[in-house]
Amino acid sequence: MFENNNCKTGKSIKEVIKMKNMLICVVLVAAVFCATSAWAAASQTVTVNATVPTMTGGLTVTVSKVTGTVWTTASTISFGTLTWDSINKIFLPASYYAVDVGVTDNSGTVWTLTHTRVSLQKDATNNLNGKVNVSFNKQTSSTVGTELAKYSFGNSQNIAYTKTQLTGGWLRIYYGIGTGEAGNDATGVTPIGLDTPAGTYTGSVTITLTP
């Protein structure tokens, strides 16, 4: 009929203890959350560096002899003894030449490559300066290039190109004897015919890197 007051007291004590435990858990969870948030905001910076050495003044000149589609390394531009073309009545070589000019420089200097030549001559009177084409090209790969200009050997004196003009590629210069074909020869270049005295004609070209 009547509840025992002691039982009620016992239940109340248990409920209070239970509430305390729940509050302790809430406090612990909040503390852990705050601690986790604090760690997530932490950061540390690590320095990264690398030094690129300066490369300056490196000039490489590679000569290639081109016969048909075959390229071979050469040390000189030697057209050799020319062959008589009985149909067109002109003398022609078996090959032409390509000279690749490379510059090794990362200093930021705007360098210049200058092409000069010594007359391709037999003697003081006879020369082949107007019989040879000199074509200046910007190469972006071994097989892809854009012609910048084409001159006769005689007019190729002091032709210059800067780093800015050659950015993204390198300079390749082709040397070939005039053929008389439309669009093939530079202005003023004519083939070697019987009006050209027999003999050996010798000259040279120089590639200079400045500054």
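Everything that follows concerns the structure shown earlier in this document.
Residues numbered from 1 in each chain as written. Predicted model: local features only at pLDDT ≥ 70, side-chain atom pairs only at ≥ 80, totals over all residues. Heavy atoms only, no water.

*Asks:* Can you lay out the overall build of the chain for me, pointing to particular residues and giving the numbers?
*Replies:* Across its full length, the chain holds one helix and eleven strands. Each helix and strand of the chain, ordered N terminal to C terminal, gives the series α-β-β-β-β-β-β-β-β-β-β-β. Nonlocal contacts in the chain, meaning residues at least 24 apart in sequence, comprise 73% of its contacts between residues at least 6 apart. Working note: accessible area of the chain is about 14,100 Å², and carbon and sulfur atoms make up 59% of it. (Helix = DSSP H or I, 4+ residues; strand = E, 2+ residues; numbered from the N terminus. Contact = heavy atoms within 4.5 Å. Areas by Shrake-Rupley, 256 points an atom, 1.4 Å probe, with all protein chains shown as cover.)

*Asks:* Could you give an account of the pairing of strand 9 (residues 159–162), with specific residues and numbers?
*Replies:* Side chains Ile-159 and Tyr-161 project from strand 9 onto a buried face, and the interleaved Ala-160 and Thr-162 project onto a face without burial. Direction of pairing for strand 6 (residues 112–121) relative to strand 9: antiparallel, over a ladder of four bridges. When the sheet's bridge partners are listed, Leu-113 is paired in strand 9 with Tyr-161. (Buried < 20%, exposed > 50% of the residue type's maximum accessible area, 1.4 Å probe, protein only. Pairing = 2+ DSSP bridges.)

*Asks:* So, the pairing of strand 5 (residues 96–104): which residues are in play, and what are the values?
*Replies:* With nine bridges connecting them, strand 1 (residues 58–67) and strand 5 associate as antiparallel partners. Bridging across to strand 5, Gly-58 finds its partner in Thr-104. Bridge count for strand 5 against strand 10 (residues 170–177) is five bridges, and the pairing is antiparallel. Pairing of Val-99 across the sheet is with Ile-173, part of strand 10.

*Asks:* Would you mind going over the environment of Ser-204 in detail, with residue names and values included?
*Replies:* Tracing the backbone shows Ser-204 in strand 11 (residues 202–210). Judged by relative accessible area, which is 34%, Ser-204 ranks as partly exposed. Placed 85 residues apart in sequence, Ser-204 and Ser-119 show a C-alpha to C-alpha distance of 7.2 Å. In this structure, Ser-204 is in contact with Thr-116, Arg-117, Val-118 and Phe-153, ignoring residues within four places of it in sequence.

*Asks:* Quick rundown of the sheet that holds strand 9? Include the residues and the values.
*Replies:* Two pairing modes exist for strands in a sheet, parallel and antiparallel, and in both the strands are linked by backbone hydrogen bonds. The sheet built from three strands is open, its strands ordered 9-6-11 with antiparallel pairing. Strands with a single pairing partner mark the edges of an open sheet, and in this sheet they are strand 9 and strand 11. The mean angle between the axes of side-by-side strands here comes to 15°, regardless of whether they run parallel or antiparallel. (Axes fitted to C-alpha atoms, helices over the stretch in contact; angles between N-to-C directions.)

*Asks:* Pulling in residues and values, what's your account of the sheet that holds strand 7 (residues 132–139)?
*Replies:* The antiparallel open sheet is built from six strands, whose spatial order is 2-1-5-10-7-8. In this open sheet, the two edge strands, each paired with only one partner strand, are strand 2 (70–74) and strand 8 (145–152). With direction set aside, neighbouring strand axes in the sheet form an average angle of 25°. Relative to strand 2, strand 1 runs antiparallel, the two sharing five bridges. Residue pairing for strand 2: Val-63 is matched across the bridge by Ala-74.

*Asks:* Give a detailed account of the side chain of Asn-137, specifying residues and quantitative values.
*Replies:* Tracing the backbone through its elements, the reader meets Asn-137 in strand 7. For Asn-137, a relative accessible area of 7% puts it in the buried group. Reaching out from Asn-137, the side chain makes a polar contact with the side chain of Ser-135 at a distance of 2.9 Å. Discounting chain neighbours no more than four positions away, the residues touching Asn-137 are Thr-146, Glu-147, Leu-148, Trp-170, Leu-171, Arg-172 and Tyr-174. (Polar contact = N/O pair within 3.5 Å; in protein donor to acceptor, adjacent residues only side chain to side chain.)

*Asks:* Tell me what's going on with the nonpolar core, and back it up with residues and numbers.
*Replies:* The nonpolar side chains of a soluble globular protein tend to be buried with one another. In terms of nonpolar packing, the biggest core is built from 25 residues, with Val-101, Leu-113, Phe-136, Tyr-161, Leu-171, Ile-173 and Tyr-175 touching the most fellow members. For this core, the elements supplying multiple residues, two or more each, are strand 5, strand 6, strand 7, strand 9, strand 10 and strand 11. (Core = buried A, V, L, I, M, F, W, Y, C linked by side-chain atoms within 4.5 Å.)

*Asks:* Kindly report on the packing of aromatic side chains, identifying the contributing residues and their values.
*Replies:* This structure, assessed with the given rule, holds five aromatic pairs. Ring centres of Phe-79 and Tyr-97 lie 5.6 Å apart, and the angle between their planes is 85°; on these two criteria the pair is classed as edge-to-face. One end of the pair, Phe-79, is in the loop between strand 2 and strand 3 (83–85); the other, Tyr-97, is in strand 5, and 18 residues separate them in sequence. For the pair formed by Phe-79 and Tyr-97, the shared burial category is buried. One aromatic cluster is present, built from ring pairs that chain together Phe-136, Tyr-151 and Tyr-161. (Phe/Tyr/Trp six-rings, centres within 6.5 Å; stacked < 30°, edge-to-face > 60°.)

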